Structures are given as structure tokens and as C-alpha cells.
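Residues per chain are reported as follows:
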Amino acid sequence: MSTGPVKALSIRNLTKTYNNGVQALRGIDLDVTEGDFYALLGPNGAGKSTTIGIITSLVNKTAGDVEIFGHNIETDLEAAKACLGVVPQEINLNQWDNVYNCVYNPAGFYGLSAKRSKERAEEVLRELQLWDRREETARNLSGGMKRRLMIARALVHEPRLLILDEPTAGVDIEIRRSMWGYLRRINESGTTIILTTHYLEEAENLCRHVGIIDAGEIVENDRMQTVLRKLHQEVFVLNLEEPVPASFRLEGFNPIVLNEHEIEVEVYKDKNLNQLFSALNSAGIHVSSMRNKSNRLEELFMRLVERREQEHTRMVAEPEQQI
Ligand code: ADP
């Protein structure tokens with residue numbers, strides 16, 4: 001029997017319906033391979049926090065299975081937890097503890113001996129450059145140091161999987177970049193990392209694979225390079241002099257009708273604006289103005305969701321193509 005790569009995380013048909021009836025997850029499947037650096041992205045309200053909440057046992061799932069290194073979080077919770085380190089979005093340190101105890105005390109909760117806890121506390125505090133600050137009260141640390149301390153705390157029991165929820169939200173660009181350095185090193189030393197982020201640049205810099213979630217469904221799950229290739233294009237919004245014709249062709253530019261006077265088009269790097277305008281001319285469409293869409297991550301989400309909706313509409317309209 002062949003054994004595939006080890007799965008750090010395996011999610012099958014995970015659903016979550018909150019008490020108020022909101023269907024936050026609609027049956028997601030997700031695998032993250034050991035050693036990977038994985039980005040979980042998606043617009044606000046997509047279901048990222050719910051997914052992470054379930055993996056970390058803070059949120060009860062409605063149905064489905066979650067395994068962490070083969071340990072089911074329902075039937076084998078202690079073993080699953082031992083494999084997992086979590087850095088939450090909000091700073092939740094015991095602010096009156098000193099830096100050392102913020103890391104040393106949780107080690108005991110994971111069952112490390114006092115001797116091992118001491119060794120590990122020193123190791124992780126040195127790794128995150130906080131050893132010289134070990135006597136200081138946590139509340140006196142800068143924002144960047146507090147985040148580093150939360151990473152140190154999450155690593156003290158040597159988890160094989162580290163999950164970070166928006167690790168650099170609200171920190172300045174210098175701290176963000178130095179944190180990328182730490183995270184890269186942790187990953188290179190063998191720890192699998194999953195992070196959520198609002199910064200495409202962060203995911204682009206760190207992650208090898210990416211999953212994009214929207215409205216409780218995984219809409220993309222691929223290598224980062226493959227997903228980014230979809231961005232090697234510019235998206236323009238065209239304002240039209242006349243109302244958008246009922247039907248028209250703009251081969252190769254994937255037009256989307258936004259409203260009566262606006263369409264959106266993609267211009268891939270193998271095409272140029274002259275080709276776009278000659279296609280528009282052939283279609284009898286006259287453009288009065290155009291603008292470039294800017295936010296790349298938002299743009300990526302929008303394109304994926306719109307494409308999915310178009311495919312869905314096509315499949316409903318032309319059911320024979322499903323086969
Ligand atoms: P994200 O982290 O991607 O922004 P969330 O997982 O927080 O998304 O939310 C997914 C959906 O579930 C949203 O519609 C949100 O309003 C809803 N939701 C999240 N938490 C709760 C809750 N505790 N009770 C009810 N609905 C919730």
C-alpha cells in the first residue's frame with residue numbers, strides 16, 4: 001500500500017450553521033501537507049475564523065471531520081491538540097505576567113516536565129529575540145514584541161502545525177517583514193504553518209499553497225504561483241456611451257456586465273489595449289472612459305466568485321455540458 005505525503009491537516013465535508021441560522025461553512029474539504037506554508041484567504045465573512053475556530057476547538061462544528069496529523073479532533077482531541085500551536089488574532093497574553101512566565105506556564109499545561117519547560121522557554125524566547133526581555137511584564141512590551149511573544153508561547157510544546165490568524169494585522173511594515181523572517185525560519189525547521197491574512201503580499205511572500213474561501217465554500221485551492229498567475233492581468237472598468245448591447249463578443253477578455261453602462265474586462269499580459277479596443281470596435285461598443293481596478297486581493301476574490309457564478313449559470317442553462 002502506498003503511503004502519500006503526511007497530512008498535517010485534513011478537513012472533510014465540514015459544515016457549520018450558527019444558532020442564528022447563518023450557514024458559515026457549507027461542506028468544505030481541505031488538505032494541508034506536512035511542511036507546507038499555507039494561506040487561507042477570503043473576503044470578510046467568508047468563514048475563515050469559523051474554520052480556524054473549529055480546528056482549534058473554540059467553535060463546535062455542525063458536521064464533518066477534522067484531523068490534525070491523523071488525530072480526529074472529536075475522538076482524539078488531546079493528541080490533536082498536542083500537535084497544534086495557535087496564535088490568535090487578538091493579543092490575549094496574561095499582561096501582568098513576565099515574559100518568561102507567559103511561555104513557561106503554558107508549557108506545563110501541555111504536560112512538559114519542569115526541566116523541559118525551562119529548556120523550551122529559553123529556546124523559543126531566544127529564537128524570537130525576547131530572551132533579554134524575559135523579566136519584563138508583558139504589558140510593557142511593544143505591539144510587535146507582544147506578537148512575537150504569542151508566537152513563542154504557541155511554539156513552546158513543539159507543535160508540528162502552527163496556525164496564525166492574521167499574525168501581522170495592524171503592525172507596521174518593518175515589524176511585519178521581520179515577523180516574516182521568523183515564520184520562514186520556523187517553517188524551514190519543519191513546522192507546517194497555516195495563516196490567514198488580509199495582505200496578499202504576505203501570502204505571496206511566505207506561502208506555497210493557498211486556499212480561498214468564499215461564502216462558506218472553498219473556491220480555490222492551489223499552488224500560490226498558479227493562483228497568482230491569474231493576477232498577471234489587468235482588470236479595467238469601461239464606461240460605455242450607449243447602454244451595453246444585449247449580446248456581444250469580446251473574445252479573450254472575459255467581459256462582465258456590471259450595469260447598463262459599465263463592463264469589466266481582463267487584459268492578460270499576452271494581449272494589449274489596442275487589441276481590446278479593436279475587439280470593442282468590432283462589437284460596436286464605444287467607450288467614454290475607463291479605470292483600472294486596484295486592490296489585487298479584492299480583485300482576485302471578485303474574479304473567482306464571479307467566474308464561479310458564471311459557470312454555475314452556464315451549467316444551469318446548458319445542462320448537457322455538465323457531462
Ligand atoms: P471570516 O473570518 O472569513 O471573516 P467568519 O467565520 O467570522 O468569517 O464568519 C462567517 C459567517 O458566519 C459570517 O456570516 C458571520 O457573520 C457568521 N458568524 C460568525 N460568527 C458567528 C456567531 N458567533 N454567531 C452567528 N454568526 C456568526
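As the structure is a prediction and not an experimental result, all values here were calculated from the model. (Residues numbered from 1 in each chain as written. Predicted model: local features only at pLDDT ≥ 70, side-chain atom pairs only at ≥ 80, totals over all residues. Heavy atoms only, no water.)

Examining the nonpolar core
Core analysis: the largest hydrophobic core is formed by 49 residues, its most contacted members being L125, L149, I151, L183 and I212. When sequence neighbours within four positions are dropped, the list of residues in contact with L183 reads F37, I151, L164, I193, L195 and L206. Residues L30, I73, L161 and I163 belong to the second largest nonpolar core, which totals 26 residues. (Core = buried A, V, L, I, M, F, W, Y, C linked by side-chain atoms within 4.5 Å. Buried < 20%, exposed > 50% of the residue type's maximum accessible area, 1.4 Å probe, protein only. Contact = heavy atoms within 4.5 Å.)

Regarding the packing of aromatic side chains
Taken as a whole and judged by the stated rule, the model has two aromatic pairs. Pairing Y100 with Y104 gives two aromatic rings, centres 5.6 Å apart and planes at 20 degrees, and the pair type is stacked. Here the residue Y100 and the residue Y104 both occupy positions in helix α3 (residues 99–109), the gap between them amounting to four residues, near one helical turn. Each member of the aromatic cluster is reached from another via a ring pair, and the members are Y100, Y104 and W131. The side chain of R160 reaches across the aromatic face of F69, ending 3.9 Å from its centre. (Phe/Tyr/Trp six-rings, centres within 6.5 Å; stacked < 30°, edge-to-face > 60°. Helix = DSSP H or I, 4+ residues; strand = E, 2+ residues; numbered from the N terminus. Lys NZ or Arg CZ within 6 Å of the ring centre and 35° of its normal.)

Side note on the site of the ligand
Around the ligand, the neighbouring residues are Y18, N20, V22, A24, P43, N44, G45, A46, G47, K48, S49 and T50. Contact between the ligand and G45: an oxygen atom at 2.7 Å from a main-chain N or O atom of the residue. Note that an oxygen atom of the ligand is positioned 2.9 Å from one of the backbone N or O atoms of G47. Broken down by element, the residue count for the shell around the ligand peaks at three residues, all from helix α1 (residues 48–55). Residue classes in the shell around the ligand are distributed as five nonpolar, six polar and one charged. (Near = heavy atom within 4 Å. Polar contact = N/O pair within 3.5 Å; in protein donor to acceptor, adjacent residues only side chain to side chain. Nonpolar A, V, L, I, M, F, W, Y, C, P; charged D, E, K, R; others polar.)

That's the geometry; what it means functionally is another story.
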